[in-house]
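Residue-level structural notes
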Amino acid sequence: MDFLSKKARGIVPYTAGEQPKERRYIKLNTNENPYPPSPRVAEVLRTLETEDLRRYPRPDAGKLRAAIAAAEGVGAENVFCGNGSDEVLALSFPAFFDGDGAGACFADLTYSFYEVFAAFFGIPTKIVPLRADFTFDLAAMQAADCQGYYIANPNAPTGVGIGRAEMERFVASVPEKLVVLDEAYMDFFGESCVPLTGKYPNVLVVKTFSKSYSLAGIRCGYAVGDAVLIDGLTRMKDCFNSYPVDMVAEAVCTAAIEDKAYYAEVTARVVSERERVRAALLSMGFTVPESRSNFLFAGRAKVSGGEIYTRLRQAGVLVRYWEKPVLRDFVRITVGTPEENDALLSQLHTILS
Ligand code: PMP
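Residues numbered from 1 in each chain as written. Predicted model: local features only at pLDDT ≥ 70, side-chain atom pairs only at ≥ 80, totals over all residues. Heavy atoms only, no water.

Around the ligand sit 13 residues in total, of which Ser85, Asp182, Tyr185, Thr208 and Ser210 are the nearest. Relative to its unbound accessible area of 400 Å², the ligand is 91% covered by the protein chains. Top contributing element to the shell around the ligand by residue count: helix H4 (residues 84-96), with 4 residues. Here the shell around the ligand is built from residues that sort into 5 nonpolar, 4 polar and 4 charged. (Near = heavy atom within 4 Å. Areas by Shrake-Rupley, 256 points an atom, 1.4 Å probe, with all protein chains shown as cover. Helix = DSSP H or I, 4+ residues; strand = E, 2+ residues; numbered from the N terminus. Nonpolar A, V, L, I, M, F, W, Y, C, P; charged D, E, K, R; others polar.)

Of all the residues in helix H3 (residues 62-72), the buried ones are Leu64, Arg65, Ala67, Ile68, Ala69 and Glu72. Tucked inside the fold, the buried residues of H3 contact strand S2 (79-82), strand S7 (203-208), strand S8 (221-225), helix H8 (227-240) and helix H9 (247-258). Taken from the residues just after H3, glycine 73 is the one with a positive phi, measuring 70 degrees. (Buried < 20%, exposed > 50% of the residue type's maximum accessible area, 1.4 Å probe, protein only. Contact = heavy atoms within 4.5 Å.)

Turning to the sheet that holds strand S4 (residues 125-128), a few remarks are in order. Strand order in this open sheet of 7 strands is S2-S8-S7-S6-S5-S3-S4, and the pairing throughout is mixed. One side of each edge strand has no neighbouring strand; the edge strands of this open sheet are S2 and S4. In this sheet, neighbouring strand axes are inclined to one another by 20 degrees on average, regardless of whether the strands run parallel or antiparallel. On top of the sheet, H4 reaches S2, strand S3 (104-107), strand S5 (148-152), strand S6 (178-182), S7 and S8; it is set at about 155 degrees to S7, its chief contact. (Pairing = 2+ DSSP bridges. Axes fitted to C-alpha atoms, helices over the stretch in contact; angles between N-to-C directions.)

For the chain, the assigned domains read domain 1 (6-36 + 261-352) and domain 2 (39-259). For domain 1 and domain 2, the distance between their C-alpha centroids amounts to 24 Å. The interface of domain 1 with domain 2 comprises 31 residues on the first partner and 28 residues on the second. Overall, the association of domain 1 and domain 2 removes approximately 2,500 Å² of surface from exposure, summing both partners, and the carbon and sulfur fraction of that is 66%. (Domains from an automatic or database assignment. Buried area = accessible area lost by both parts, 1.4 Å probe.)

A few words now on the pairing of S5. Regular strands show a simple pattern: their side chains alternate between the two faces of the sheet. In terms of burial, S5 is largely enclosed, as 5 of its 5 residues are buried. By the alternation rule, side chains of S5 split into Gly148, Tyr150 and Ala152 and Tyr149 and Ile151, which are all buried. Bridging between S3 and S5 involves 2 bridges; their strand directions are parallel. Across the sheet, residue cysteine 105 finds its bridge partner in S5, namely tyrosine 149. One ladder, built from 5 bridges, connects S5 with S6; its direction is parallel. Of the residues in S6, the one forming a bridge with alanine 152 is aspartate 182.

Here the focus is unusual backbone geometry. Where the residue is not glycine, phi is negative for most of them; where a peptide bond is considered, it is trans in most cases. For the bond running from asparagine 153 to proline 154, omega is -5 degrees, close enough to zero to count as cis. Note that proline 154 resides in the loop between S5 and helix H7 (164-173). Following alanine 156, the chain continues into proline 157 via a peptide bond in cis, with omega recorded as 5 degrees. By the element assignment, proline 157 lies in the loop between S5 and H7. The backbone of arginine 219 shows a phi angle near 60 degrees, a positive value even though the residue is not glycine. By the element assignment, arginine 219 lies in the loop between S7 and S8. Judged by relative accessible area, arginine 219 falls into the partly exposed class, the value being 29%.

If you want it as C-alpha cells, here you go:
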C-alpha cells in the first residue's frame with residue numbers, strides 16, 4: 001500500500017544548497033552574508049522576554065510590518081510578511097495565478113524554485129530563454145501570453161540586474177499582467193522597484209532578511225505592493241499557517257531594518273569585494289557576467305563547473321554547481337570576507353595551473 005498522494009510521489013522538490021556540519025568549509029555556496037547581523041539583533045535576543053513566548057505571535061506581524069513600511073516609505077497595508085521570501089513567493093502562485101489560466105512566465109535560467117511552486121500549485125508556465133549574454137529578453141517576455149511574471153532582479157544564479165528605469169518601462173507595457181519582482185539580492189544593486197508599487201498596481205516586490213540583513217537563520221521575508229495584492233497573499237497565508245512569522249523573528253527583523261547605518265556599511269564591503277573578486281576571475285580567463293548581487297557566476301573554457309566545484313570542495317571551499325545545460329559550464333560563488341575570497345582565488349590559481 002502506498003500512502004503517498006500522486007502529487008507527493010510525482011513532484012520534483014527544490015534542492016537547497018548544502019549546509020555541511022561535518023567539516024569547516026569556506027562556505028561560498030548559498031549566498032549568505034559573510035558579516036554578522038546588526039549588533040541590535042544580539043541586544044534584542046539578550047533582552048527577549050521568554051515569558052512572552054507562552055503566547056502566539058501577532059498573526060499579521062503588525063509591528064514588523066509597520067517597521068518595514070516606515071523603512072520602505074509605504075503604508076503598512078502595502079506590506080505582507082512570511083516565513084522567508086520563499087514562503088511569500090509560494091503563496092503568490094495560488095494568490096495570483098489560475099490552473100486554467102495563461103500561466104506564469106519566467107526565464108529559463110532563474111531561481112529554480114519558481115518552477116517547483118508552479119508544478120506544486122498546478123500553474124502552467126511560459127519559459128522565455130535569457131539572451132546569450134545572460135540578460136533578460138524583456139521584449140520576448142512582454143509578448144508572452146501569460147497571466148504574469150516572476151523576475152528575479154538581480155537574477156540568480158547569474159547576478160545580472162535590470163535598472164529601475166528599464167523595469168518601469170516593462171511594467172508599464174504590461175498593465176494587465178502581474179509582475180512579481182524577486183528582489184532577494186537588490187540591496188547589493190540599489191535599484192529597488194518598491195517606489196513603483198504606488199504607481200503600478202500590477203507590481204509586487206518580494207524581499208528577504210536572509211541576504212543583505214545577514215538573517216538567513218531567522219526565516220523572514222516580505223512583499224510590498226498594492227493593498228489588493230497584499231490581501232490576496234493574506235488570504236492564502238490564512239489557508240496554510242496563521243502565524244508564519246514567530247515572535248523572535250518579528251523582534252529581530254524589526255531591530256535589523258531600523259539599523260540602516262550598519263547595513264549600509266556591510267553591504268558596501270560586500271559590493272567592493274564583489275568587484276575585486278570579479279576582476280581577479282576575469283584576469284584568470286573566466287567569463288563572469290557583471291554581477292549586481294552578492295555572488296559571481298563564473299565559467300572557464302576547458303574546465304567544467306563540476307570539476308572546479310569538486311576540486312574546490314576537496315580544498316575546503318564550497319561553491320554552488322548545477323548539473324544542467326548551460327549551468328554545468330559555470331559555478332556560482334558567493335562573495336565572502338576578503339580572507340575567504342583570497343583563499344578561493346588562491347585555490348583557483350592552483351587548480352588552473
Ligand atoms: N529568491 C531568490 C532569487 C533566492 O536566491 C533566494 C534564496 N535561495 C530566495 C528568494 C529565498 O530566500 P529566503 O527564503 O531565505 O528569503
